[in-house]
Number of protein chains: 2
Amino acid sequence: MTLAADVLDAARARGVMIATAESCTGGLIVGALTEVPGSSDGVDRGFVTYSNAAKQQMLGVRADTLEAHGAVSEQVAAEMASGALRHSDAGIAVAVTGIAGPGGSEHKPEGRVCFAIAEPFGTRAETVEFGAIGRRQVRAATVEHALQMLLDALRG
Amino acid sequence: MTLAADVLDAARARGVMIATAESCTGGLIVGALTEVPGSSDGVDRGFVTYSNAAKQQMLGVRADTLEAHGAVSEQVAAEMASGALRHSDAGIAVAVTGIAGPGGSEHKPEGRVCFAIAEPFGTRAETVEFGAIGRRQVRAATVEHALQMLLDALRG
């Protein structure tokens, strides 16, 4: 049983569909969820908002928030997650925005990733510093952490 | 040099951004493109439209088209690709919709995938029968074929 399969089982048990809003992972979270056979009853859609314009147009992230905090911030992650919930038929959404590297940006270090979970009753965000472990590894660790957050939220 | 890196180089040479619209691959095409360091200058966004509602709401696929041809059809692939172009800042979009399995659906065989490429001057679609080679393998083969179509279109 993979983590993704556990997440889908928990979503089915709660009777909700899942949406994702992804920047640095570029679709790999929803890619992992849809690797599970029969996932179509638990996965509604994914927003891969690689550019800032996409974050604003697809998810309603505010220009003010991007300007004040930068794309890699808990504030933007929270707006991405709540936007994904609002613009989908899902009952829970996870969002990630981070710096996969190589190298930092926005004066922020490589390996920093901000996560958020949105549910109808609220949104919460957190930051993980994975460090300069390499682009592929940061992305893989981000997928796993996002799936674990979904699982905890769905079982909580 | 990976195929994804070649696609990004070709997009840069043409001065266009890329969008994806994915059903059966669930984000793996945009995931492959964004694996390339520095891909943010070539990847605009991805629409992972796993449900039919998502295809209609995010991309403007018509209910009539879904009804008449089914989700796995060249007609739906073409509407997904042109919708991705229309709802993004990209200059080229690729769309895929298929049956990764296990098992067929809509009276269509496992391993059938419909692809489309949209550019401002037009859209073209094609179907590939990968056969019952397994879910993971169908998805991987679909990613590779979609990237090759993007490369051919960008260089053509």
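Residues numbered from 1 in each chain as written. Chains lettered and ligands numbered in written order. Predicted model: local features only at pLDDT ≥ 70, side-chain atom pairs only at ≥ 80, totals over all residues. Heavy atoms only, no water.

Per an unreviewed UniProt entry, chain A goes by the name CinA family protein and belongs to Paracoccus benzoatiresistens.

Asks: Sorry if this is basic, but what is going on with the interface of chain B and chain A here?
Replies: Reports often express the size of an interface as the amount of accessible area lost when the parts come together. The interface is formed by 29 residues belonging to chain B together with 29 residues belonging to chain A. Summed over both partners, the interface of chain B with chain A buries about 2,300 Å², with 51% contributed by carbon and sulfur atoms. In terms of surface lost to chain A, no three residues of chain B exceed B:E35, B:R45 and B:Y50, which account for 25% of the buried area on that side. Our enumeration of links across chain B and chain A arrives at four salt bridges. With a shortest N-O distance of 3.8 Å, B:E35 and A:R136 are connected by a salt bridge. Between the two partners, chain B and chain A, sit 22 residue pairs in polar contact (both at pLDDT 80 or more). Counting residues per element, the ones that place at least two in the side of chain B that touches chain A are α2 (28–33), β2 (43–48), α3 (52–59) and α6 (135–155) of chain B. (Contact = heavy atoms within 4.5 Å. Buried area = accessible area lost by both parts, 1.4 Å probe. Salt bridge = Lys/Arg side-chain N within 4 Å of Asp/Glu carboxyl O. Polar contact = N/O pair within 3.5 Å; in protein donor to acceptor, adjacent residues only side chain to side chain. Helix = DSSP H or I, 4+ residues; strand = E, 2+ residues; numbered from the N terminus.)

Asks: I tried to follow the UniProt feature "domain: CinA C-terminal" (unreviewed entry) in chain A on my own but got confused; where do I start?
Replies: UniProt tags residues 2–153 of chain A as "domain: CinA C-terminal" (unreviewed entry). Secondary structure over residues 2–153 of chain A splits into 43% helix and 22% strand, and the C-alpha atoms at its two ends are 17 Å apart. (UniProt positions renumbered as here; feature names shortened; annotations may be inferred.)

Asks: Help me understand the packing of aromatic side chains, please; the structure alone is not making it clear to me.
Replies: Given two aromatic rings, their pairing is described by the distance between the two centres and the angle made by the two planes. Residue and element names in this part refer to chain A. Applying the stated rule across the entire model yields two aromatic pairs over all chains. Ring geometry for F115 versus F130: centroids 6.4 Å apart, planes at 75°, classification edge-to-face. Of this pair, F115 sits in strand β4 (residues 112–119) while F130 sits in the loop between β5 (122–129) and α6 (135–155), and the two are 15 residues apart along the sequence. Since its relative accessible area comes to 0%, F115 is described here as buried. (Phe/Tyr/Trp six-rings, centres within 6.5 Å; stacked < 30°, edge-to-face > 60°. Buried < 20%, exposed > 50% of the residue type's maximum accessible area, 1.4 Å probe, protein only.)

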